[in-house]
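# Overview (structure and organization)
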Amino acid sequence: METDYSDKSTNEEIRARFDNDVERFSNLDTGQLTTIDAPLTMELCTEAAKYVNPNATELLDIGCGAGNYTLKMLSKIGNLNCTLNDLSLPMLQRAMERVSAQTNGKITILQDDMRNLVLPDEHFDIILAAATLHHLRDDADWELVFTKLYKALKPGGSIWISDLIAHDAPPLNALFNQRYSDYLDTLGGPEYRQKVLDYVAHEDTPRSVNYQLALLTKVGFKQVEILHKNSYFAAFGGIK
C-alpha cells in the first residue's frame, strides 16, 4: 500500500524554515544540539572519508546547510574543490563565505532539491550527506537519490551519511522515541521537546539504517559500514 505523504512539509516550507535558521547551523564546535552525538558523527564521517580517500580532490556536500561538514572535511584534507548543495540560498551563501576562507579549491553552489540535481558521472571522491536524506519521501525518491549519488562518485569514492533514522521494529521505534524525548527534555524541558517532536513529525520521513544500507548495496556500493548509532541517529556509508 502506498504511503500518503500529503500531510508532510513541502519543499517551500522546509526552505523557509532553514532560510530563517542560518545562525544555529553555523556552529562548528557544538553541531546541532537536537542531533544526538552531532560532533562525534561529524568527526567520524570526515575521518572515514579521509582514510578511504586520502588523495581526494572533489567533494560534494548534499544538504550542506551552513557548511559545517565541508569545513570539518577541509580540516583533514585541504584545498578540495567543494560542490555545495542546499535548498536554502541563505544557507548556501553562509556556507560559501565560510568555506571560501578555508580552501583555494573551486567552490560550486547548487541551490536545488537533491532529487533534481544533475551531477557529472564519476566526478567526486567524497560525498557527505548530513541531516538531509530524511527529507526524502517514498521508495522511488530514496532509490533515485542513492543511484544519482553512486553514479556521481569516482570508482573507489565514498559516501558518508549522518542522519535521523527510524527503526523497522515498532517496539524499538517506541523505545528510541522515548529515549529521544528524554534527551530533548534535558535540553529545554517539555515545551521544547514537544516543539522538536512536532516539526520532526511534520517535516521528516526517516528510514532505518537497515533500509539505507540495503539500498546502498542495491545501487552498487561494494562495501557498506556503520560508523555509529545512538537512539534516533546514526552515521554510516559506502565505498564504490
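For the structure itself, look to the data block above.
A brief structural summary. (Residues numbered from 1 in each chain as written. Predicted model: local features only at pLDDT ≥ 70, side-chain atom pairs only at ≥ 80, totals over all residues. Heavy atoms only, no water.)

## Topic: the nonpolar core
Core analysis: the largest hydrophobic core is formed by 28 residues, its most contacted members being I62, I127, L133, F146, L149, I159 and F236. Broken down by secondary-structure element, the contributors of at least two residues to this core are β1 (58-62), β4 (124-130), α5 (139-152), β5 (153-164), α7 (209-219) and β7 (233-239). Ranked by the residues each element gives to this core, the list is headed by α5, at six residues. Not counting the four nearest positions on each side in its chain, I127 is found in contact with L60, I62, L149, L153, S158, I159 and W160. Of all hydrophobic cores here, the second largest spans 25 residues; its members include A48, C64, C82 and A130. (Core = buried A, V, L, I, M, F, W, Y, C linked by side-chain atoms within 4.5 Å. Buried < 20%, exposed > 50% of the residue type's maximum accessible area, 1.4 Å probe, protein only. Helix = DSSP H or I, 4+ residues; strand = E, 2+ residues; numbered from the N terminus. Contact = heavy atoms within 4.5 Å.)

## Some thoughts on the packing of aromatic side chains
For the structure on display, the rule yields six aromatic pairs. A ring pair is formed by W142 and Y211, whose centres lie 5.9 Å apart and whose planes are at 85°; its orientation type is edge-to-face. Residue W142 is located in helix α5, and its partner Y211 is located in helix α7; the two are separated by 69 residues in the primary sequence. The class for W142 is buried, based on a relative accessible area of 0%. Ring centres of Y180 and F233 lie 5.3 Å apart, and the angle between their planes is 70°; on these two criteria the pair is classed as edge-to-face. In this pair, Y180 sits in helix α6 (residues 170-203) while F233 sits in strand β7, placing the two residues 53 residues apart along the sequence. (Phe/Tyr/Trp six-rings, centres within 6.5 Å; stacked < 30°, edge-to-face > 60°.)

## Things to note about the pairing of β1
Across the five residues that make up β1, a large majority, five, are buried. Covered by surrounding structure in β1 are E58, L60 and I62 together with L59 and D61, the residues of both alternating faces. Strand direction decides the pairing type here: β1 and strand β2 (residues 81-86), joined by four bridges, are parallel. Opposite E58, over in β2, you have N81 as the bridge partner. Once the chain exits β1 it traverses helix α3 (residues 68-74) before rejoining the sheet at β2, and the crossover so formed is right-handed. Across four bridges, the pairing between β1 and β4 is parallel. Across the sheet, the residue bridging to D61 is L128, located in β4. (Pairing = 2+ DSSP bridges. Right-handed = clockwise from strand over helix to strand, strands pointing away.)

## Section: the sheet that holds β2
In space, the seven strands of this open sheet follow the order β3-β2-β1-β4-β5-β7-β6, with mixed pairing throughout. For this open sheet the edge positions go to β3 (107-111) and β6 (223-230), each flanked by a neighbour on one side alone. Adjacent strand axes in the sheet meet at a mean angle of 15° when their direction is disregarded. As defined by bridge partners, β2 adjoins β3 across five bridges and the pair is classed as parallel. Across the sheet, the residue bridging to T83 is T108, located in β3. Lying over the sheet, α5 contacts β1, β4 and β5, oriented at roughly 140° with respect to β5. (Axes fitted to C-alpha atoms, helices over the stretch in contact; angles between N-to-C directions.)

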